[in-house]
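What follows is each chain in one-letter form.
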Amino acid sequence: MVDAKMLNKITSAPGFIAALDQSGGSTPGALRLYGVSETDYNGDDEMYRLIHAMRVRIMKAPAFSGDKVIGAILFERTMDGDVDGQAVPTFLWEKRGVVPFLKIDKGLLDEQNGVQLMKPMPDLDALLIRGREKGIFGTKMRSVIAHADKAGIAAVVKQQFEVARQIIGQGLVPIVEPEVSIKSPTKAEAEAILRDEIAAELDKLPSGEKVMLKLTIPTVDDFYAPLVAHNAVVRVVALSGGYSTIDACDKLSRNHGMIASFSRALAEQLRVSMSDAEFNTSIAKTIEQIYAASVNKVGAIAAE
């Protein structure tokens with residue numbers, strides 16, 4: 001059963017969703033951006049310890065609260081970790097008022113028909129049950145679209161919604177994330193195909209079943225407005241997709257009804273060498289900037 005208080009917050013509260021879900025493949029890059037090189041750690045265990053410490057620092061920052069950050073997407077190891085002895089999902093909701101989500105996909109298959117489908121998830125039901133028991137509200141799963149191939153995009157959306165129905169069946173709210181690469185030479189054309197495919201799948205959902213959508217900020221402003229307005233959609237969130245914080249916020253501010261779910265753009269200015277005061281000041285500025293773009297205040301605060 002979906003938590004009613006969490007659902008209300010995600011549905012109606014102003015703010016954005018923080019993506020703290022870098023997994024094995026993307027963790028080294030996230031640490032490099034933070035000022036930690038591969039020579040600073042030995043092996044995966046040490047790498048994950050360092051990324052968890054970074055995430056805890058973010059979650060404990062005074063500005064990281066439900067006033068502006070309404071949700072946070074967690075890597076499985078982060079869900080299983082703690083903040084000062086308290087389970088991360090519990091800390092986020094009870095101490096910060098931030099709704100916890102879980103990244104569930106296991107990575108991507110090789111590109112075929114211009115897209116990368118998700119790898120199989122044979123143990124998904126067990127993970128969903130464990131996440132629900134830990135206080136997780138919803139999930140996120142990512143596919144990638146590189147080219148405007150209709151068959152490929154249809155396969156991505158079909159797979160996403162098949163898994164979404166499984167997630168709904170376990171009492172969680174799925175975030176469907178068919179990412180269109182910002183480097184795609186046919187980005188606008190891919191977005192047109194994607195919008196139609198998603199709309200068709202949304203129309204098939206039984207009454208009362210709902211999903212969230214996480215989409216690349218579109219080439220044409222407000223292009224996803226019909227999806228934002230769809231009765232089966234809780235919220236449409238935007239991924240930064242490699243855009244800088246300034247560019248991502250500028251583009252997002254022109255898309256009404258979409259809110260941010262940024263990863264790189266959230267942590268772009270943070271460094272391991274910062275004092276706590278410097279770190280907290282920096283992330284507060286970024287949170288304010290992303291919040292402004294998410295509530296569609298045109299001319300979001302620029303990073304200095």
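For every chain, the first residue of the written sequence is number 1, and numbering continues from 1 onward in sequence order. Reporting of local features is limited, given that this is a predicted model, to residues whose pLDDT is at least 70; pairs of side-chain atoms are given and counted only at 80 or more, and all residues count toward the totals for whole chains, interfaces and linings. With hydrogens and water excluded, all non-hydrogen atoms of the structure serve as input to the side-chain values.

Trainee: Tell me about the overall build of the protein chain, and name the residues and values.
Mentor: A count of helices and strands for the protein chain gives 12 helices and 11 strands. Taken over the C-alpha trace, the protein chain has a radius of gyration of 18 Å; the compact-globule value for 304 residues is 19 Å, and the two agree within 12%. Structurally, the protein chain occupies a C-alpha span of about 50 × 45 × 40 Å along its principal axes. Under the scheme applied here, a residue whose accessible area is under 20% of the maximum for its type counts as buried, over 50% as exposed, and between as partly exposed, the area being computed with a 1.4 Å probe on protein chains only. Here the protein chain holds 304 residues, and 54% of them are scored as buried. Residue pairs in contact within the protein chain that sit at least 24 positions apart in sequence constitute 72% of those at least 6 positions apart. His residues and chain termini do not enter the charge count, which takes Lys and Arg as positive and Asp and Glu as negative. Where a charge sits is defined by one atom per residue type, namely NZ (Lys), CZ (Arg), CG (Asp) or CD (Glu). Seen as two clouds, the 35 positive and the 39 negative side-chain charges of the protein chain have centres 3 Å apart. The helix and strand labels rest on DSSP assignments: H or I over at least four residues marks a helix, E over at least two residues marks a strand, and numbering proceeds from the N terminus. Based on C-alpha atoms, the radius of gyration is set beside the globule rule, defined as 2.2 Å times the residue count to the power 0.38. Note on contacts: a residue pair is in contact if any heavy atoms of the two residues lie within 4.5 Å.

Trainee: So what's going on with the confidence of the model for the protein chain? Residues and values would help.
Mentor: Looking at the protein chain, the pLDDT average stands at 94 and 97% of residues meet or exceed 70. In the model, residues 297-304 has pLDDT below 50 throughout and makes 15 contacts with residues more than four positions away in sequence or in other chains. A residue's pLDDT is simply how confident the predictor is in it, with values from 0 to 100.

Trainee: So, the nonpolar core: which residues are in play, and what are the values?
Mentor: Among buried residues, those of type Ala, Val, Leu, Ile, Met, Phe, Trp, Tyr and Cys that are joined through side-chain atoms within 4.5 Å constitute a nonpolar core. Membership of the largest hydrophobic core comes to 85 residues, with the highest contact counts inside it found for Phe64 and Ile104. When neighbours within four sequence positions are excluded, Ile104 is seen to be in contact with Met121, Leu124, Leu127, Leu128, Thr139, Lys140, Met141, Val163 and Ile167.

Trainee: Describe the packing of aromatic side chains, naming the residues involved and giving the relevant values.
Mentor: Two rings from Phe, Tyr or Trp (for Trp, the six-membered ring) form a pair when their centres are within 6.5 Å of each other. A pair whose planes differ by under 30 degrees is stacked, one over 60 is edge-to-face, and the rest are tilted. As enumerated under the stated definition, the model contains three aromatic pairs in all. Consider the rings of Phe223 and Tyr224, whose centres lie 5.6 Å apart with planes at 70°: the pair is edge-to-face. The two residues Phe223 and Tyr224 agree in class, both being buried. Two limits define a charge over a ring: the Lys NZ or Arg CZ must be within 6 Å of the ring centre, and within 35 degrees of the ring normal. The residue whose ring lies beneath Arg195 is Phe223, and the NZ or CZ to ring-centre distance is 3.8 Å. Between the NZ or CZ atom of Lys251 and the centre of the ring of Tyr243, over which it lies, the distance is 5.0 Å.

Trainee: Before we move on, can you summarise the side chain of Gln160 with the specific residues and values?
Mentor: Examined against the element boundaries, Gln160 turns out to sit in helix H7 (residues 150-169). A residue is classified by how much of its surface remains accessible, and Gln160, at 0% relative accessible area, is buried. Discounting chain neighbours no more than four positions away, the residues touching Gln160 are Met118, Met141, Arg142, Ser143, Ile175, Val176, Glu177 and Pro178.

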